[in-house]
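# Analysis of the macromolecular model
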Amino acid sequence: MPDDLDANRLYARRIVELWLEAIDFSQQAHSYFLRGEPENEITMEYIARLVRLWRELVPKVKNRIELQELEQEFMLFENFCVRNPKLLLSQPEKLVELEMVLTQVMDKLGLTQFVR
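What you are looking at is a predicted structure, and each value in this text was computed from that prediction instead of being measured. (Residues numbered from 1 in each chain as written. Predicted model: local features only at pLDDT ≥ 70, side-chain atom pairs only at ≥ 80, totals over all residues. Heavy atoms only, no water.)

Of the positions making up helix 3 (residues 68-75), those classed as buried are Leu 70, Glu 71, Phe 74 and Met 75. Projected down its long axis, helix 3 carries its buried residues within an arc of 130°, all on one side. Pointing more than 90 degrees away from the buried face of helix 3 are the exposed residues Glu 69 and Gln 72. Tucked into the core, helix 3 has its buried residues touching helix 2 (41-61), helix 4 (78-83) and helix 5 (92-108). (Buried < 20%, exposed > 50% of the residue type's maximum accessible area, 1.4 Å probe, protein only. Helix = DSSP H or I, 4+ residues; strand = E, 2+ residues; numbered from the N terminus. Arc of directions from axis to C-beta. Contact = heavy atoms within 4.5 Å.)

What follows concerns the packing of helix 2 against helix 5. The contact between helix 2 and helix 5 brings their axes to 10 Å, and the two run at 40°. With respect to helix 5, the axis of helix 2 lies oblique. Two packed elements cross with a definite hand, and for helix 2 against helix 5 that hand is left-handed. Contact with helix 2, carried on its side by Tyr 46, Ile 47, Leu 50, Leu 53, Trp 54, Leu 57 and Val 61, involves Leu 95, Leu 98, Glu 99, Leu 102, Val 105 and Met 106 of helix 5 and no other residues of that element. Here the contact of helix 2 with helix 5 is built from residues that sort into 12 nonpolar, no polar and 1 charged. (Axes fitted to C-alpha atoms, helices over the stretch in contact; angles between N-to-C directions. Parallel < 35°, antiparallel > 145°, perpendicular 65-115°, else oblique. Left-handed = near helix turned anticlockwise from the far one by under 90°. Nonpolar A, V, L, I, M, F, W, Y, C, P; charged D, E, K, R; others polar.)

Here you go:
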């Protein structure tokens, strides 16, 4: 039976894997945006992975004193990630911002140490 430390490591690994999967699609998705072709399989997969990661991190971010400043910025993406992820297709700059805020949250939570 795994102890808390093992459970935390497994969770961290899962989150990092989600993040790395999203990053794998990032460059290709942004190239489609630059070509004016935002609706395609790569971009939709990129958005889906960012949204999934955002949703996974919500309980880790909400109401945490050490993340108070970042929580406000993080929660600005609720409309995109909960209500209508397709809105991100018309606002590619928001995708970049979402990727950045997710990276900041993961860094603050100490999850990026598993990537380096």
